[in-house]
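Coordinates in review
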Amino acid sequence: MNVKITGYYKLPNELEPQLIEFDKVFDISFMRRYTKYKTFAKFLSGGKFNITCQKDFEDLPEELMDKHVAKNTQFKTWQEMLDFATDKYIARTKK
């Protein structure tokens, strides 16, 4: 899987939400520390999700993602993982 997954996030000091690549939010350091996978792409592959484009990812039922997150990370839900990773990303980019 070689698809760039993105999301819009309201970053501090920005008026409008910014488009951010998940590979930057879920960098190798984050993935190794908090999940059983080295990359976000491997994380998605490990869930046996067929993601070939952004829309596939957006259409993925959150319940399935929650189960995969709970089983393979330190988080209980996808939203919890996403929020935590986004906070870490913001802290990294502020430096």
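Refer to the preceding data block for the structure.
Scope of this entry: the structure provided in the associated data block. (Residues numbered from 1 in each chain as written. Predicted model: local features only at pLDDT ≥ 70, side-chain atom pairs only at ≥ 80, totals over all residues. Heavy atoms only, no water.)

**Let's talk about the pattern of salt bridges**
Formally: For this analysis, a salt bridge means a side-chain nitrogen from Lys or Arg found within 4 Å of a carboxyl oxygen belonging to Asp or Glu. Going along the chain from the N terminus, every DSSP run of H or I of four or more residues is numbered as a helix, and every run of E of two or more is numbered as a strand. Whether a residue is buried, partly exposed or exposed follows from its accessible area with a 1.4 Å probe, protein chains only, as a fraction of its type maximum: under 20%, in between, or over 50%, in that order.
Following the criterion strictly, the structure yields three salt bridges and no others. Note that glutamate 21 and lysine 4 form a salt bridge whose closest N and O atoms lie 3.6 Å from each other. Of this pair, glutamate 21 sits in strand β2 (residues 18-21) while lysine 4 sits in the segment before β1 (6-9), placing them 17 residues apart in sequence. Given the relative accessible area of 26%, glutamate 21 is considered partly exposed. A salt bridge links arginine 92 to aspartate 27, with the nearest nitrogen and oxygen atoms 3.5 Å apart. With a gap of 65 residues between them, arginine 92 in helix α6 (residues 78-94) and aspartate 27 in the loop between α1 (22-25) and α2 (28-34) connect regions that are remote in the sequence. Here arginine 92 falls in the partly exposed class, since its relative accessible area comes to 33%.

**Concerning the nonpolar core**
Defined as follows: Remark: nonpolar core denotes a set of buried residues (Ala, Val, Leu, Ile, Met, Phe, Trp, Tyr, Cys) joined through side-chain atoms within 4.5 Å. Two residues qualify as a contact provided that any one of their heavy atoms is within 4.5 Å of a heavy atom in the partner residue.
Among the nonpolar cores identified, the biggest contains 24 residues, and Phe26, Phe40, Met65 and Trp78 are the most heavily contacted of them. Elements supplying a minimum of two residues to this core: α1, α2, α3 (40-46), α5 (62-72) and α6. It is α6 that provides the largest number of residues to this core, a total of five residues. Those residues in contact with tryptophan 78 that sit more than four places away from it in its chain are Phe22, Phe26, Phe40, Phe57, Glu62, Met65, Asp66 and Val69.

**Looking at the environment of isoleucine 28**
Looking at the secondary structure, you find isoleucine 28 in helix α2. With a relative accessible area of 47%, isoleucine 28 lands in the partly exposed category. The spacing of isoleucine 28 and threonine 73 is 45 residues in sequence and 14 Å in space, taken between C-alpha atoms. Here isoleucine 28 is in contact with Lys38 and Thr39, once residues within four sequence places are set aside.

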